[in-house]
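# Breakdown of the fold
Listed below are the residues making up each chain.
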Amino acid sequence: MFLTQFELDPYSASWHLAPFYPFANLDDWRMENILLTSGLSMRALNEFLSLSATKSMPLSFWMAKDLCAWAELLLSGLQWKFQIIPTAHSMKEPIQLYFWDALNCVKALFNHLFFVDKMDFTPF
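Conventions we followed
Residues numbered from 1 in each chain as written. Predicted model: local features only at pLDDT ≥ 70, side-chain atom pairs only at ≥ 80, totals over all residues. Heavy atoms only, no water. Helix = DSSP H or I, 4+ residues; strand = E, 2+ residues; numbered from the N terminus. Buried < 20%, exposed > 50% of the residue type's maximum accessible area, 1.4 Å probe, protein only. Contact = heavy atoms within 4.5 Å. pLDDT = per-residue confidence, 0-100. Salt bridge = Lys/Arg side-chain N within 4 Å of Asp/Glu carboxyl O. Lys, Arg positive; Asp, Glu negative; His and termini not counted. Axes fitted to C-alpha atoms, helices over the stretch in contact; angles between N-to-C directions. Parallel < 35°, antiparallel > 145°, perpendicular 65-115°, else oblique. Nonpolar A, V, L, I, M, F, W, Y, C, P; charged D, E, K, R; others polar.

### Quick notes on the overall build of the protein
Check the secondary structure of the protein and you find seven helices and two strands. From first element to last, N terminus to C terminus, the protein shows the α and β order α-α-α-α-α-α-β-β-α. Taken over 124 residues, the protein has a buried fraction of 15%. For the protein, the proportion of contacts with a sequence separation of at least 24, taken over those separated by at least 6, is 40%.

Have a look at this one:
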C-alpha cells in the first residue's frame with residue numbers, strides 16, 4: 001500500500017533519482033529540518049539564510065518562502081480531525097475533541113517500512 005501511494009505521487013521519479021528530493025542531499029535535508037523545526041519566524045529564517053557563512057553552504061533554498069515551498073512537496077502524514085462535543089451546560093468555549101482516524105492509523109503502521117520484517121500475517 002505504501003509503495004503504491006509512493007509510486008502514484010507525481011514526484012516519485014525524482015525520489016528514485018535523488019533520495020532526499022526535493023533537497024539536494026542529506027546535509028541539505030538536515031538544514032531544512034533544523035530550520036523548519038526551530039520555531040524561527042520567516043524574517044529570522046531569511047536573515048539566517050542571508051548570512052555570508054550560510055551563503056557558502058551548498059543549499060537548494062535561499063529564502064524562507066522557498067524552504068517552505070520545498071517542504072510542502074514532502075509526503076504528508078496522518079491528518080488530525082476534530083469534533084465539537086455538545087454539552088448540556090453552558091461553556092466559555094465549546095469542547096473540541098481532536099483525533100486521528102483509527103483505520104488510517106492502522107494503515108500507516110502496516111505500511112511503515114520499519115515494520116516490514118516485524119509483522120507476520122496468518123489467517124485465524
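### Quick notes on the environment of alanine 64
Checked against the element boundaries, alanine 64 lands in helix H6 (residues 64-71). For alanine 64, a relative accessible area of 0% puts it in the buried group. Not counting residues within four places of it along the chain, the set of residues in contact with alanine 64 comprises Met42, Leu45, Asn46 and Leu49.

### With respect to the confidence of the model for the protein
Detailed reading of the predicted model is not advised wherever pLDDT is low. The predicted model of the protein averages 80 in pLDDT, with 81% of residues at 70 or higher. Mean pLDDT in the protein bottoms out at helix H1 (residues 2-8), which sits at 56, and peaks at helix H4 (residues 42-49), which reaches 92.

### Section: the pattern of salt bridges
Within the structure shown, the criterion is met by three salt bridges. Measuring nitrogen to oxygen at the nearest pair gives 3.9 Å for the salt bridge that ties arginine 30 to aspartate 27. In this pair, arginine 30 and aspartate 27 both sit in helix H3 (residues 26-37), three residues apart, roughly one turn of the helix. The exposure class of aspartate 27 is exposed, given its relative accessible area of 55%. When the shortest N-O distance is used, the salt bridge between glutamate 47 and arginine 43 registers 3.5 Å. Here the residue glutamate 47 and the residue arginine 43 both occupy positions in helix H4, the gap between them amounting to four residues, near one helical turn.

### Section: the side chain of aspartate 28
Here aspartate 28 is to be found in helix H3. Buried charge without a partner: aspartate 28 forms no salt bridge, and the closest opposite charge is arginine 30, 11 Å away. Residues contacting aspartate 28, with those up to four places away along its chain left out, are Phe23, Pro58, Leu59, Ser60 and Phe61.

### Structural notes on the packing of H3 against H6
Two elements in contact, H3 and H6, have axes whose closest approach is 11 Å; the angle formed by their N-to-C orientations is 105 degrees. Between H3 and H6, the angle falls in the class roughly perpendicular. Touching Glu32, Leu35 and Leu36 of H3 are Leu67, Cys68 and Ala71, all from H6. For the contact of H3 with H6, a count of residues per class yields five nonpolar, no polar and one charged.

### Side note on the environment of methionine 63
Within the fold, methionine 63 resides in the loop between helix H5 (52-55) and H6. Placed 20 residues apart in sequence, methionine 63 and arginine 43 show a C-alpha to C-alpha distance of 9.3 Å.

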